[in-house]
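Coordinates in review
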Amino acid sequence: MIDIEIDVMNPASITQEQAISGDIIDALFEIEDDSERQQRYGAIYAYLKGKTASIFRANYTARKKELTAYRKRQEEEVRERRKAVLTSESGGVFRMKGEDGKEKVFNTGKWLVSQAGVVAQGFNGPIVACRYPIVIKSLMVEHESGIEKVTLEWWKDRDASGRPIPTTLTVDKARIANAAKIVDLANVRLPVTSESARNLVVYLDDFESLNQGKIPFYKSTCRFGWNESFTAFAPYTGDTLFNVPPSYQQMADSVSKHGNRSAWMSLVKEIRKSGRQEPLVYMAAAFGSVLVSIYKINSSIVNLYGPTGRGKTVALMLAASIWANPAERMFIMESNSTLNSMEQRLNVLNHLPLLVDDMSKMANFDRDKGTIIYNLCSNAGKGRLARDLSARPTAVWNNMILTNVERPLTDDEMNGGAINRVLDFEIQDGNIFADGNAIVSVLSGNYGFAGPEFIEKVINIGPEKIRAGIREQEERIKQWAKEKGEQYEEKQVQPLAVLLTADWLAGELIFEDGVRLDWKYCTETLKPIRATSENERAYLHVMDDVMMNGNAFQPNTNDEYKGRIWGKFETRDFEQFVAIIPSALDDMAKRHNFSAPQLIKWCARTGRLWHDKGKQTRKVVLPGFKQARVRCYVIRMDENEQDSQLEPAEQFEPDFGDIPFDTPGDISQYEPVFD
């Protein structure tokens, strides 16, 4: 085993003992890319000196020659074995039933494929590729990466009557094209050993080349969601084969129909008529997740907050049942997951919603909450390296994320970028459900019907009309805000417009019950720009600290400070300013998590900074210091930040009848009422 302490990427960390050991050579030849390996070798050799460098070079050269010779022997042996196979008189054909039930005949060349396995006659006797019959069932190219994959099928197990049971496995084609890599598949029950590996690689290559056009070929995807034109949604529509990594197979399998649609529909209609807004919010977010990419906006988080025991988890299960099995550890993600695991799951979900029961249980959530929120809503994960130092494909997604906590997900210490990506909905008084256990019982046995139906309706309407409907809702929210005398970030307004549109579509086309989300309840979640501006909040924090620590700015009648000294109050043209020593402002910035330089730039830009020409500071005389002049940030103190806000206008109620999906019948025929 390679010494994990050897870091070939950092020559300075390599000790003299490691440099002359075989471990460092092993570590270098773990790098499969020849140019990358040569570059690492050159960097290490250039760092080493004297005899140590000579020994290192000799060891590397010897291993390189050994590896080259081994590869030549291996290639020659493969050529000889293939020559033996192609000149043998044994072998022939293999018959099996296709997915359509019809028999297919495959050419196996000089390989004999039978219940005894896969064998060919060589110069020195039989060549065994596998002890069980095995074939290539299908080939596919993954849409996202362009990687070719192969599905193998073999017959090793038998049922109670003794009949062979097929086993299938889908892997990257590179895994079956390399003897060293195909052996690893023994861990997933592929019948291969180190002795038979090279023969099996040759046989599978022959099988593919001899059966061009007979082996089914598909385009595949490992992600749920829309195609580029929004005319198909994997895995519900289109001809793309759906294939996810094994670690996400259980989650992927949960996205299915099960039970009785009428039972699910009856329950949900009763919940919708209850008057509770929380289930409607979650359902709108679950439906609306597939509209996010159509409207071309970033992902966002929909959070329900309130005391425990009120039904938040049951409401989340209700949202999950639209698409999948709502049981624990199926479609709903475990709450103690890491950010990395969430990103990988989001990559598979793609346009379907991510559901997390109590996101606050994530590792380091309280400490890194703002960063976690920002990353989850950025639509792309971090770039990461594989073990061989090659770049892994970056995880990408575009959806809605549903979670719940006991308090708002955002707070005043969080930067505006994270705040604007969250819609926090407070749970209303009382329990959400009268009998949560009864609801869970029905949902556990009946799920997965509404999601595919919603996809079908959206496809029929078309992306342009969907965008028009969401845009109409966005304009109505902005009009309401104007009447109210407020401004809201588009990052807040747009996801709410998606929610309202999804709620209308689901109510009109799926449930047909006339139930809609309450406008006031939804718009109350929006946070005004003045509340989400990071500099505005930083300024208010500073003013609060100044007022709470007046003695640090106001000397007594003897020009003496009591306790700490942070600056002094100043007056200019009847306006009140506060001079703050730079180190004191830095302390405030650390406590309240804001950038002091950015705040000062903002104060200068908004006319709140009194400073010397060409400076951001002003020389101020601090009493009690022999009239010493100290450079301070001198910031104007606004008397009343709320004076500029207009009184809210009468609530603006949107007319849902005007949006472009308001007439029953063939919806695809109706044009938007706006251009």
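It should be emphasised that the depicted structure is a prediction, and the values quoted were computed from it without experimental measurement.

Definitions and limits used
Residues numbered from 1 in each chain as written. Predicted model: local features only at pLDDT ≥ 70, side-chain atom pairs only at ≥ 80, totals over all residues. Heavy atoms only, no water. Helix = DSSP H or I, 4+ residues; strand = E, 2+ residues; numbered from the N terminus. Buried < 20%, exposed > 50% of the residue type's maximum accessible area, 1.4 Å probe, protein only. Contact = heavy atoms within 4.5 Å. Areas by Shrake-Rupley, 256 points an atom, 1.4 Å probe, with all protein chains shown as cover. Pairing = 2+ DSSP bridges. Axes fitted to C-alpha atoms, helices over the stretch in contact; angles between N-to-C directions. Parallel < 35°, antiparallel > 145°, perpendicular 65-115°, else oblique. Left-handed = near helix turned anticlockwise from the far one by under 90°. Nonpolar A, V, L, I, M, F, W, Y, C, P; charged D, E, K, R; others polar. Core = buried A, V, L, I, M, F, W, Y, C linked by side-chain atoms within 4.5 Å. Expected span 1.5 Å × (residues − 1). Salt bridge = Lys/Arg side-chain N within 4 Å of Asp/Glu carboxyl O. Phe/Tyr/Trp six-rings, centres within 6.5 Å; stacked < 30°, edge-to-face > 60°. Lys NZ or Arg CZ within 6 Å of the ring centre and 35° of its normal. pLDDT = per-residue confidence, 0-100. Polar contact = N/O pair within 3.5 Å; in protein donor to acceptor, adjacent residues only side chain to side chain.

Along the chain, the regular secondary structure elements total 23 helices and 21 strands. A total of 675 residues make up the chain; the buried ones form 48% of that total. Considering only intrachain contacts with a sequence separation of at least 6, the fraction spanning at least 24 residues in the chain is 65%. As displayed, the chain offers around 33800 Å² of accessible surface, 48% of which is attributable to carbon and sulfur atoms.

What follows is about the sheet that holds strand β6 (residues 134-142). Strand order in the open sheet formed by five strands is β8-β7-β6-β9-β12, and the pairing between neighbours is mixed. Each end of this open sheet is capped by a strand with a single partner; those strands are β8 (164-172) and β12 (241-242). For β6 and strand β9 (residues 217-221), the ladder comprises four bridges, and the chain directions are parallel. Residue pairing for β9: methionine 140 is matched across the bridge by tyrosine 218.

With their axes 10 Å apart at the nearest point, helix α11 (residues 312-320) and helix α15 (residues 436-445) run at an angle of 20° to one another. For the element pair α11 / α15, the angle class is roughly parallel. Seen along the crossing, α11 lies across α15 with a hand that is left-handed. Only Gly436, Ile439, Val440 and Leu443 of α15 make contact with α11, whose side of the interface consists of Val314, Met317 and Leu318. Here the contact of α11 with α15 is composed, by residue class, of six nonpolar, one polar and no charged.

Right, let's talk about the nonpolar core for a bit. Ranked by internal contacts, the top residues of the largest apolar core, which has 107 residues, are Leu291 and Phe425. Excluding residues within four positions of it along the chain, leucine 291 makes contact with Phe454, Val458, Ile466, Ile470, Val498, Ala502 and Leu505. Grouped together as the second largest cluster of nonpolar side chains are 34 residues, Ala120, Val192, Leu200 and Ile215 included.

A few words now on helix α18 (residues 490-511). For α18, with 22 residues, the first-to-last C-alpha span of 30 Å sits near the 32 Å given by 1.5 Å per residue. Looking one or two places after α18, you find glutamate 512, whose phi comes out positive at around 50°.

Let's shift gears to unusual backbone geometry. Note that the residue after alanine 234, namely proline 235, is joined by a cis bond; omega there is 5°. In this structure, proline 235 sits in the loop between β11 (233-234) and β12. At phenylalanine 230, a position not held by glycine, the phi torsion is positive, near 60°.

Tallied over the entire structure, the rule returns 24 salt bridges. Between glutamate 36 and arginine 40 there is a salt bridge, with the nearest N and O atoms lying 3.6 Å from each other. Of the two residues, glutamate 36 and arginine 40 both sit in helix α3 (residues 34-47), four residues apart, roughly one turn of that helix. Taking the shortest distance from any N to any O, the salt bridge between glutamate 453 and arginine 261 comes out at 2.6 Å. Residue glutamate 453 is found in helix α16 (residues 450-461), and its partner arginine 261 is found in helix α9 (residues 261-272); the two are separated by 192 residues along the sequence. Through salt bridges with shared partners, one network takes in Glu142, Lys149 and Asp172.

For the structure on display, the rule yields 24 aromatic pairs. Between the aromatic rings of tyrosine 41 and tyrosine 45, the centroid separation amounts to 6.1 Å while the plane-to-plane angle is 20°, which identifies the pairing as stacked. Taken together, the positions of tyrosine 41 and tyrosine 45, both in helix α3 and four residues apart, correspond to about one turn of that helix. With a relative accessible area of 10%, tyrosine 41 lands in the buried category. Relative to phenylalanine 56, the ring of tyrosine 41 lies with its centre 5.3 Å away and its plane at 25°, an arrangement referred to as stacked. With tyrosine 41 in helix α3 and phenylalanine 56 in helix α4 (residues 50-87), the pair connects residues that are 15 residues apart, well separated along the chain. Across the pair, phenylalanine 56 and tyrosine 41 agree in class, each one buried. Every member of this aromatic cluster is reached through a ring pair, and the members are Phe29, Tyr41, Tyr45, Phe56 and Tyr60. Sitting over the face of the ring of tyrosine 539, arginine 608 holds its NZ or CZ atom 5.0 Å from the ring centroid.

Ordered by their spatial adjacency, three strands build an open sheet running β3-β4-β5, and the pairing between neighbours is antiparallel. The sheet terminates laterally at β3 (112-114) and β5 (125-130), the two strands that pair on one side only. In this sheet, neighbouring strand axes are inclined to one another by 25° on average, regardless of whether the strands run parallel or antiparallel. For β3 and strand β4 (residues 117-122), the ladder comprises three bridges, and the chain directions are antiparallel.

Relative to the assigned elements, glycine 275 resides in the loop between α9 and α10 (278-295). Taking the relative accessible area as the measure of exposure, glycine 275 reaches 47% and is therefore partly exposed. It is 9.6 Å that separates the C-alpha atoms of glycine 275 and arginine 516, two residues lying 241 residues apart in sequence.

In the contact formed by helix α2 (residues 22-29) and α3, the axes pass within 9 Å of each other and the chain directions differ by 145°. Listed contacts from α3 to Ile24, Leu28 and Phe29 of α2 are Arg37, Arg40, Tyr41 and Ile44. Counted by class, the contact of α2 with α3 contains five nonpolar, no polar and two charged residues.

Burial of the side chains of strand β1 (residues 93-97) is restricted to one face: Phe94 and Met96 are buried, whereas none of Val93, Arg95 and Lys97 on the reverse face is. In this sheet, strand β2 (residues 103-107) lies alongside β1 in antiparallel orientation, the contact comprising five bridges. Within β2, the residue paired with arginine 95 across the bridge is valine 105.

What follows is about the confidence of the model for the chain. Overall, the predicted model of the chain reaches an average pLDDT of 84, with 87% of residues at or above 70. No element of the chain has a lower mean pLDDT than helix α20 (residues 529-532), at 62, and none a higher one than α10, at 97. This stretch, residues 84-90, has a pLDDT under 50; its non-local contacts, to residues over four places away or in other chains, come to 19 contacts. pLDDT under 50 marks residues 640-675. Its contacts with residues more than four places away, or in other chains, come to 69 contacts.

Structurally, proline 452 is set in helix α16. With relative accessibility at 13%, the residue proline 452 sits in the buried group. Separated by 219 residues in sequence, proline 452 and phenylalanine 233 place their C-alpha atoms 9.0 Å apart. When near neighbours in sequence (up to four residues on either side) are disregarded, proline 452 contacts Tyr236, Lys257, Ile322 and Trp323.

With respect to the element layout, glutamate 490 can be found in helix α18. Note on glutamate 490: relative accessible area 40%, which makes it partly exposed. Along the backbone, glutamate 490 and lysine 478 are 12 residues apart, and their C-alpha atoms lie at a distance of 9.2 Å. For glutamate 490, the residues in contact, after removing those within four places along its chain, are Glu474, Lys478 and Pro495. A polar contact of 3.0 Å, which involves the side chain of glutamate 490, links it to the side chain of lysine 478.

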